[in-house]
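# Chain and residue survey
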Amino acid sequence: MDLTKKTNKLVEHLAALRKRLIIILVVNIGAALVCYQFARTLIQYILNLNPGMQFVYLSPSENFMACIELALTCAIVLCSPITILQIWMFVSSGLYKKEKLYVLLSLFFGFFFFVGGVLFCYYVALPITLDFFMRISLETVTAAVSIKSFISFCNTMLLCFGVVFELPVVAFLLSLLGILKPAFLKKSHGVLILIIFIIAAIITPPDVVTQIMLGVPMTILLELSILICTIVDKSKKKKRVMSESHT
């Protein structure tokens, strides 16, 4: 009997997960189709970052594929509130009231941190990185860049910075749930910085400048995460002492 109940619950969870994933997929695809209608305008925003490169396309379909890739990236960013909402609706059923509040706050602030990371990359990291590449190019060689490779490079950096800027939010949530402790972060500080630059090397294009442009903000975000984790831990200890004094 217990096995039947567990099986039924598992089936219900899988059905709920399937429903949420379908909604996320349909909404993102729909948004991508809409964004594709404005592909020329969207690409122009990316090309505005160009420090003087000449663009070419190497195959008849390259412009089309570049438009699709950029439309998908924009759809992911624009639909992230809906994606977050669907994730929330799935996980909230198995959480306590206080845990629901923690997760909801994390998802809410996570969206703004993600957008902040994308904006930081667009206005700071990408211009510096692209300008550096132009300055180290040979004068006798004309910089004729494939438009798809340029769009892919920019999209990768934008999404990577958006995700990385979520680090303080994740630290906040894990600290509230008692999973992450400030003592662990402080003890593993050096190792975590090394891991940060290894991750930056993996998820970014294979060049040192881009890896540094991602690794340095990640290190700063790590320090912010340690501060957040310490504050949350002190607050929890204070509440615990107060509750014990009342009893």
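### As for the overall build of the protein
- Within the protein one finds ten helices and two strands.
- For the protein, the sequential pattern of α-helices and β-strands runs α-α-β-α-α-α-β-α-α-α-α-α.
- With 247 residues in all, the protein has 36% of them scored as buried.
- Taking all contacts inside the protein whose residues are at least 6 apart in sequence as the whole, residues at least 24 apart take part in 84%.
- In the structure as shown, the protein presents an accessible area of about 15400 Å², 72% of it carried by carbon and sulfur atoms.

### Topic: the side chain of N155
- Looking at the element boundaries, N155 is found in helix 6 (residues 147-164).
- Overall, the relative accessible area of 2% leaves N155 in the buried class.
- Every residue in contact with N155, bar those within four places of it in the chain, is listed here: E69, L70 and T73.

### Considering the packing of helix 2 (residues 39-47) against helix 6
- Closest axis-to-axis distance for the helix 2/helix 6 pair is 11 Å, and the angle between their directions is 80 degrees. On the basis of the axis angle, helix 2 is roughly perpendicular to helix 6. In this structure, helix 2 uses I43, I46 and L47 to contact helix 6, whose residues at the interface are I147, F150, I151, C154 and L158.
- Residue composition of the contact of helix 2 with helix 6, grouped by class: eight nonpolar, no polar and no charged.

### Remarks on helix 2
- Along helix 2, the positions that sit buried rather than exposed are A39, I43, I46 and L47. Along the axis of helix 2, the buried positions cluster into a sector of 95 degrees, meaning they face one direction only.

### A short note on the packing of helix 3 (residues 62-78) against helix 6
- Running from N to C, helix 3 and helix 6 point in directions that differ by 10 degrees, and their axes come no closer than 9 Å. Judged on the interaxial angle alone, helix 6 and helix 3 are roughly parallel. Contacts between helix 3 and helix 6 pair E62, N63, M65, A66, E69, L70 and T73 from the former with I147, K148, S149, I151, S152, N155 and L159 from the latter.
- Taken together, the residues of the contact of helix 3 with helix 6 break down into six nonpolar, five polar and three charged.

### Observations concerning the nonpolar core
- The biggest cluster of nonpolar side chains holds 44 residues, and the ones touching the most others in it are L126, F150 and F161.
- Contributing elements (two or more residues each) for this core: helix 2, helix 3, helix 5 (97-135), helix 6, helix 9 (189-203) and helix 10 (208-246).
- Top contributing element to this core by residue count: helix 6, with ten residues.
- Excluding anything up to four places from it in sequence, F161 contacts G117, F120, C121, A125, M213, L214 and P217.

Parameters at a glance
- Residues numbered from 1 in each chain as written.
- Predicted model: local features only at pLDDT ≥ 70, side-chain atom pairs only at ≥ 80, totals over all residues.
- Heavy atoms only, no water.
- Helix = DSSP H or I, 4+ residues; strand = E, 2+ residues; numbered from the N terminus.
- Buried < 20%, exposed > 50% of the residue type's maximum accessible area, 1.4 Å probe, protein only.
- Contact = heavy atoms within 4.5 Å.
- Areas by Shrake-Rupley, 256 points an atom, 1.4 Å probe, with all protein chains shown as cover.
- Axes fitted to C-alpha atoms, helices over the stretch in contact; angles between N-to-C directions.
- Parallel < 35°, antiparallel > 145°, perpendicular 65-115°, else oblique.
- Nonpolar A, V, L, I, M, F, W, Y, C, P; charged D, E, K, R; others polar.
- Arc of directions from axis to C-beta.
- Core = buried A, V, L, I, M, F, W, Y, C linked by side-chain atoms within 4.5 Å.

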